[in-house]
Amino acid sequence: MSPARPAASRFSYNRVIIALVALMLASLTIIDLVVLKQQRQSLLRNTEAQAAVELEQAATFMTEPLLRYRFADIEQFIHQWGINNIEVVRFEAITPQGHLLTEFKRPTTSPHRLLLERNIEFTGRHLLTLRLEKDYAQTELILAQLRNRLLLASLFISAALGASLWFIFRLLAIRPLEQEITRRRLAETELAALNRSLEGRVRARTGEIAELLDLEIYLREIMGTVSDINGLLLTSPDLEALLTQACARFVRHGQYRFCWLGLLKEGAISAVYHSGARNLLTAAQAPLAAPPYDLNDRRSPFHLHPAARSGRENKVIIATRSHYPQELPPWRDSEVIAGFQQVIALPLRPGSSQSPLGVLVVYTWRPEGFEPEEITMLEELSGDLGFAIASFRHREELSRLTAERNASYEQTILTFVNMIEQRDTYTAGHTERVADYSRRIAEQMGLAQPAIERLAQAAILHDIGKIATPDAILLKPGQFTPLEKDLIRLHAVAGYEMLTGVAIYQDLAEIVLHHHERHDGTGYPDHLAGEEIPLAARILAVADAFDAMTTNRIYQPRSDVASALAKLEQESGRQFHPEAVAAAKIALATARPPEKPPREIAQDLFCADHRGLCRITRAPTHDLERERFAYFFSDQLTGLHNENYLKSTLQEPRFQTLTFCHLQGLNQFNKEQGWEQGNSILRLFADELQGRFPEAMLFRVYGNDFVIITEPGQELDQEKLTTFASLTGTGIVPQVRQLNLSDQESYSIDKLKRVELLAGEAGAD
């Protein structure tokens, strides 16, 4: 019988076994999927029910502290509850107005999340919304493990049944003897064929050895070329010399008779170097036309060139002569590649994963084309060339950046200064004026021009350390405490440390550090005295003080030039160096401080609509100052001014009538109705005050007391306040007392049983 028949029988048995095993595996898989779906639905229902119970418990626990306004307890509960429950991703409490009261978050990237909400209500009133988000990734993990176990079990059962069937069919296989005979006949046929081909193999092996010897000699020549070009990487003075010499060295190899190299820029070959004796030929005589060659122009035949494909695809491209587009790159003399066999285009890139910086194209006249080992060496060489190109460009970029850094030196300084001055509009333009004043004083003292410029640059940067000063202190619209003064004084050291870390500013750091030293040694930070203080720092101290005195500050009005110079003279020998003061008296006599700074112009516009508020010098004029004003001087409950602002206002003798209003009975109302109802009465009463007296200055001080300052002729009486809707039916009665403020006395407030106003003389007793 023919030997093909048993093989056909075996093949039929195997197909039957495979079909049965596949059917069993499919059936078990379907069963597994049904089971998994039911398990998943059950686990998710249990998870959601458990989360709902937990959220209900949390709502129950938080009702009591919510009613008592113990928000800190609520926040602590939420955070502790979230920490103890590792499945919680986010737990937050939201007020009925949509404001986030508190929140707990746990970082997670799991997509398996469950979101539940629960409203906390008390006596029919919505108090708070709890929002709970849980991660049921653990449930999904359990399901995945269950799925894996079911699939493994199914696979195991199917494999076991398949193996059993295979062994049964194997035992029942037909004609095992015929299979053995067939095997022996095949072996005899193969042995005969092997004997016939043995002589041919010997001859072929001899030829292969000769070819390998020739290939070794050829590859050694390639290695020599690569070695020479690597030597050029170390000795070439510039990029153009390197690429020109590399192309010339390629053609010294026997089989490479032409090569060219193109540098890429914005998707096109912008510069070309070739082995056609570039230095001896004019542009018109060069074998290649002048670039650019666009890599992405599909209308151009160059789009199909190996160099274009290599640049676009960032990989090595090899083409034979029969598939090479002869017309491009645009030749002036295409005879230079007549008769070549293969061309290779290699991307020039500094790293294997980086974009190419150029393309190397090498033509070979070797009949066999490029060998695999040869291609590997060329790839390594192209990588070295790409790294060299990147290195040369990096040097050029460093030189350019250095030049740009030096060219933008002044702009960098002004940028630093703007970062400070934008924080506080009271000092806008301060550094530029101090720099100008410092130049004038230094010129009067006969300093050299480089020293003057160095001083001016230090003057521009002298307050750079205030970047580290907290806004709550730097922007405080009032007197500083001793601790706050110490914190502000740290700006000299902070500026010094910042500047010493930047090479181009290191020579200015010493001036900035000591510009608040005093001649008598009581300054800061190092308590230097007299000649110990650097000369530039002495001059800067005088210029800084002069500008502070001749411009409006939040803590003092400005002085004229003559008065400021007189104050400098008074401090000569104590705060300031006598020589610097003497020079300043001459140099700054003609100085013209700004008549009306930008801040005051803005204040005039603001005061056109807010006359009552602008009767004081600290009126806010833009968003930053209004935020600062609210932080320090606004009552958190009613939004009116607080007692701190009233204390400051009383120091300005600009007002005529002040009205006290005490809400008698509010304490009893709080006891009967609760503090929240009392706070609501206070807010409504404050709103009515603002509506009735839009031009007045309104203050809430010490709980139940209000103060109203009005224009002359707008006196308030108790009858007007009693009619307020916010007090109707509450049992709260406003008690009013008025006071006329005189220009000769200053007043302060004190809290006795209620707010009292004390004259300056009485308060001193």
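Residues numbered from 1 in each chain as written. Predicted model: local features only at pLDDT ≥ 70, side-chain atom pairs only at ≥ 80, totals over all residues. Heavy atoms only, no water.

Asker: Before we go on, may I ask you to explain the overall build of the chain in this structure?
Answerer: A tally of regular secondary structure across the chain gives 24 helices and 16 strands. For the chain, contacts bridging at least 24 residues in sequence account for 63% of all contacts bridging at least 6. Accessible surface, the chain as shown: approximately 42000 Å² in total, 55% of it carbon and sulfur. (Helix = DSSP H or I, 4+ residues; strand = E, 2+ residues; numbered from the N terminus. Contact = heavy atoms within 4.5 Å. Areas by Shrake-Rupley, 256 points an atom, 1.4 Å probe, with all protein chains shown as cover.)

Asker: Sorry, what's going on with the side chain of threonine 659 here?
Answerer: Examined against the element boundaries, threonine 659 turns out to sit in strand S11 (residues 657–664). If we ignore the near neighbours within four places in the chain, the residues touching threonine 659 are Phe706, Val707, Ile708, Leu716, Val736, Arg737 and Gln738.

Asker: How do you make sense of the nonpolar core when you look at a structure like this?
Answerer: Residues Ile441, Leu499, Val542, Phe546, Leu568 and Leu588 are the most contacted members of the largest nonpolar core, which totals 38 residues. Within the residue set of this core, elements represented by two or more residues are helix H9 (430–444), helix H10 (449–460), helix H14 (506–513), helix H15 (535–549), helix H16 (561–570) and helix H17 (578–587). By size, the runner-up hydrophobic cluster in this structure holds 33 residues, among which are Val226, Ile375, Leu381 and Phe392. (Core = buried A, V, L, I, M, F, W, Y, C linked by side-chain atoms within 4.5 Å. Buried < 20%, exposed > 50% of the residue type's maximum accessible area, 1.4 Å probe, protein only.)

Asker: I would appreciate a short explanation of the sheet that holds strand S9 (residues 342–348) in the present structure.
Answerer: Each strand in a sheet pairs with its neighbour through backbone hydrogen bonds, running either in the same direction (parallel) or in the opposite one (antiparallel). With respect to topology, six strands assemble into an open sheet ordered S7-S6-S5-S10-S9-S8, the strand pairing being antiparallel. Strand pairing shows two members of the sheet lacking a second neighbour, strand S7 (293–294) and strand S8 (317–320), which therefore form its edges. With seven bridges connecting them, strand S5 (residues 256–265) and strand S10 (residues 358–364) associate as antiparallel partners. Across the sheet, the residue bridging to leucine 261 is leucine 360, located in S10. Here helix H5 (residues 239–250) sits on the sheet in contact with S5, strand S6 (268–274) and S10, set at roughly 155° to S5. In this fold helix H6 (residues 306–313) packs onto S5, S8, S9 and S10, with an angle of close to 30° to the strand it touches most, S9. (Pairing = 2+ DSSP bridges. Axes fitted to C-alpha atoms, helices over the stretch in contact; angles between N-to-C directions.)

Asker: For this particular structure, what's the right way to read the environment of leucine 447?
Answerer: Positionally, leucine 447 belongs in the loop between H9 and H10. Each C-alpha atom, one on leucine 447 and one on leucine 535, is 10.0 Å from the other, the two residues being 88 residues apart in sequence. For leucine 447, the residues in contact, after removing those within four places along its chain, are Ala442, Ile452, Leu535 and Ile539.

Asker: Hey, could you run me through the environment of glycine 523 in this one?
Answerer: With respect to the helices, strands and loops of the structure, glycine 523 is situated in the loop between H14 and H15. For glycine 523, a relative accessible area of 2% translates into the label buried. Glycine 523 sits 52 residues away from glutamine 575 along the chain, and the two C-alpha atoms are 8.0 Å apart.

Asker: Got a minute to help me understand the environment of glutamine 673 in this structure?
Answerer: With respect to the secondary-structure elements, glutamine 673 resides in helix H21 (residues 666–673). Along the backbone, glutamine 673 and threonine 730 are 57 residues apart, and their C-alpha atoms lie at a distance of 9.9 Å.

Asker: What is the right way to look at the pairing of strand S1 (residues 88–94) in this model?
Answerer: Most of S1 is tucked away, with six of its seven residues classed as buried. Pairing of S1 with strand S4 (residues 125–135), which is carried by six bridges, proceeds in the antiparallel orientation. Bridge pairing links valine 88 to lysine 134 in S4. In sequence, S1 turns back onto strand S2 (residues 100–105) through a hairpin of five residues, with glycine 98 there showing a positive phi of about 95°.

Asker: I would appreciate a short explanation of the packing of H9 against H17 in the present structure.
Answerer: Working note: a packed helix pair is described by the angle between its axes plus the distance between those axes. For the pair H9 and H17, interaxial distance at closest approach is 8 Å and the crossing angle is 110°. It follows from the interaxial angle that H9 and H17 lie roughly perpendicular. Contacts between H9 and H17 pair Arg440, Ile441 and Gln444 from the former with Ala580, Ala583, Ala584, Ile586 and Ala587 from the latter. (Parallel < 35°, antiparallel > 145°, perpendicular 65-115°, else oblique.)

Asker: I tried to follow H9 on my own but got confused; where do I start?
Answerer: Because an α-helix packs 3.6 residues into every turn, residues spaced three or four apart end up facing the same way. Spanning 15 residues, H9 covers 21 Å between terminal C-alpha atoms, matching the ideal 21 Å at 1.5 Å per step. Where H9 ends, the next residue or the one after it, glycine 446, has phi of about 80°, a positive value. (Expected span 1.5 Å × (residues − 1).)

Asker: Would you take a moment to explain the state of the cysteines for this structure?
Answerer: Throughout this description, disulfide means a covalent bond between two cysteine sulfur atoms. Counting across every chain of the model gives zero disulfides. Here cysteine 247 is not cross-linked by a disulfide; its sulfur's nearest cysteine counterpart is in cysteine 259, at 4.0 Å. (Disulfide = S-S within 2.5 Å.)

Asker: Sorry if this is basic, but what is going on with the pattern of salt bridges here?
Answerer: Side-chain pairs of opposite charge can arise where the charged atoms are in close proximity. Enumeration over the complete set of coordinates arrives at 21 salt bridges. The partner of arginine 131 in a salt bridge is glutamate 92, and the shortest N-O contact between them spans 3.3 Å. Of this pair, arginine 131 sits in strand S4 while glutamate 92 sits in strand S1, placing them 39 residues apart in sequence. Three or more residues are tied together by salt bridges with common partners; here these are Arg518, Asp520, Glu571 and Arg574. (Salt bridge = Lys/Arg side-chain N within 4 Å of Asp/Glu carboxyl O.)

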